[in-house]
Amino acid sequence: MTVNIFAGRILGPFEFGRYSMILAIAQFFGIPMLLGVDTALARFVAVHHSDVSRKVSYISSSLWIVFCSTSVVFGISFLFFNILLRITGADTRLLLTAMLFTVLLSYKAIADGFIRGLEEFRFQTMVRIVESFIVLFGFSIFAYHSFVTYDSVVFASSIGAGFTIMSYLYIY
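Residues numbered from 1 in each chain as written. Predicted model: local features only at pLDDT ≥ 70, side-chain atom pairs only at ≥ 80, totals over all residues. Heavy atoms only, no water.

A. Just the packing of aromatic side chains, in detail. Applying the stated criterion across every chain yields a total of 10 aromatic pairs. Summarising the aromatic geometry, the rings of F28 and F29 are spaced 5.4 Å apart at their centres and angled 75° between planes, so their arrangement reads as edge-to-face. Aromatic side chains F123 and Y168 sit 5.9 Å apart centroid to centroid with 55° between the ring planes, which places their arrangement in the tilted category. In this pair, F123 is assigned in helix α6 (residues 121-144) and Y168 in helix α7 (residues 150-171), connecting sequence segments 45 residues apart. Look at Y168 and you get buried, because its relative accessible area is 3%. One aromatic cluster is present, built from ring pairs that chain together F74, F78 and F81. Of note, R43 hangs over the ring of F44, and the distance from its end group to the ring centre comes to 5.2 Å. (Phe/Tyr/Trp six-rings, centres within 6.5 Å; stacked < 30°, edge-to-face > 60°. Helix = DSSP H or I, 4+ residues; strand = E, 2+ residues; numbered from the N terminus. Buried < 20%, exposed > 50% of the residue type's maximum accessible area, 1.4 Å probe, protein only. Lys NZ or Arg CZ within 6 Å of the ring centre and 35° of its normal.)

This is the structure in C-alpha cells:
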C-alpha cells in the first residue's frame, strides 16, 4: 500500500492510471488463470501436513493446472486481442504487460497458498515485509534516475514477486 501511495505521488495521474489499469486487467485475467487452485492448495496441504509425497503431488498438480489454464487464457486472449484492446482502451504494450504480470502474480498466489497450507504465517509475513521494501527500493531507484512510468512500478513489483516466489521455493 505504501508503494501505491508513493507511486501515485511520483507517477502523476496519467501514469498511475495506466498502472492501475494493469492491476485491474491482471485481477481480471487472474481469476480464470488461478481457478481457486491457490485456496484449494492451502486447504489440502494443511489437511495432509505430515505427508510429504502428497504435498509434492498437490504442488505439482497445482502448477500444472495453472500452467494449462494460463495457456488457455493466453490463447483465447490472443484470438480476441483486438477486441480486448477496444474494450479496455489500452494500447498493445500495456495489455501485454498486464497479461505477463498476471502470470507472475498467479504463480505467486500458488506459492502463497502453499505457505499458508504449511501454516508458516510468520515466515510469510517476514517475506512479505521484505518484498514491500524491495518494491519500494526498486521503484525509488527508478524515480531517482527519472524513469517514472508505469513500467517502473510493474518492474519493481515483479522483482518483489520473484523474490517472494524464490524465498518460498528456497526454504521449502
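There is more to say, and it comes next.
B. Here's a closer look at a nonpolar patch on the surface. Residues V72, I76, L79, F80, I83 and I87 make up a contiguous nonpolar surface patch of roughly 620 Å² in combined accessible area. Broken down by element, the residue count for the nonpolar patch peaks at 3 residues, all from helix α3 (residues 52-79). Mapping I87 onto the fold places it in helix α4 (residues 81-88). Owing to a relative accessible area of 64%, I87 belongs among the exposed residues under this scheme. (Patch = residues over 30% accessible without salt bridge, like charges linked within 9 Å, V, L, I, M, F, W, Y side chains within 5 Å. Areas by Shrake-Rupley, 256 points an atom, 1.4 Å probe, with all protein chains shown as cover. Salt bridge = Lys/Arg side-chain N within 4 Å of Asp/Glu carboxyl O.)

C. View of the packing of helix α1 (residues 2-34) against α3. Contact geometry of α1 with α3 gives a least axis separation of 8 Å together with a crossing angle of 130°. Accordingly, the angle class assigned to the pair α1 and α3 is oblique. Contacts between α1 and α3 involve F29, P32, M33 and L34 from the former and V66, S69, T70, V73, F74 and S77 from the latter. Considered class by class, the residues forming the contact of α1 with α3 number 7 nonpolar, 3 polar and no charged. (Axes fitted to C-alpha atoms, helices over the stretch in contact; angles between N-to-C directions. Parallel < 35°, antiparallel > 145°, perpendicular 65-115°, else oblique. Contact = heavy atoms within 4.5 Å. Nonpolar A, V, L, I, M, F, W, Y, C, P; charged D, E, K, R; others polar.)

D. Up close: helix α2 (residues 37-47). Taken residue by residue, α2 has V37, D38, L41, A42 and V45 as its buried positions. Seen from one end, α2 has its buried residues packed into an arc of 140°, which puts them on one side. Away from its buried face, by an angle of more than 90 degrees, α2 presents the exposed residues T39 and R43. The inward-facing, buried residues of α2 abut α1, α3 and α5 (92-117). (Arc of directions from axis to C-beta.)

E. A look at the pattern of salt bridges. As enumerated under the stated definition, the model contains 6 salt bridges in all. Note that D51 is salt-bridged to R54, the shortest N-O span being 3.8 Å. Judged by its relative accessible area of 36%, R54 falls in the partly exposed class. The shortest N-O distance in the salt bridge between D112 and R128 comes to 2.4 Å. Here D112, found in helix α5, pairs with R128, found in helix α6; they are 16 residues apart in sequence, far enough to count as distant. Assessed through its relative accessible area of 4%, D112 is described here as buried.

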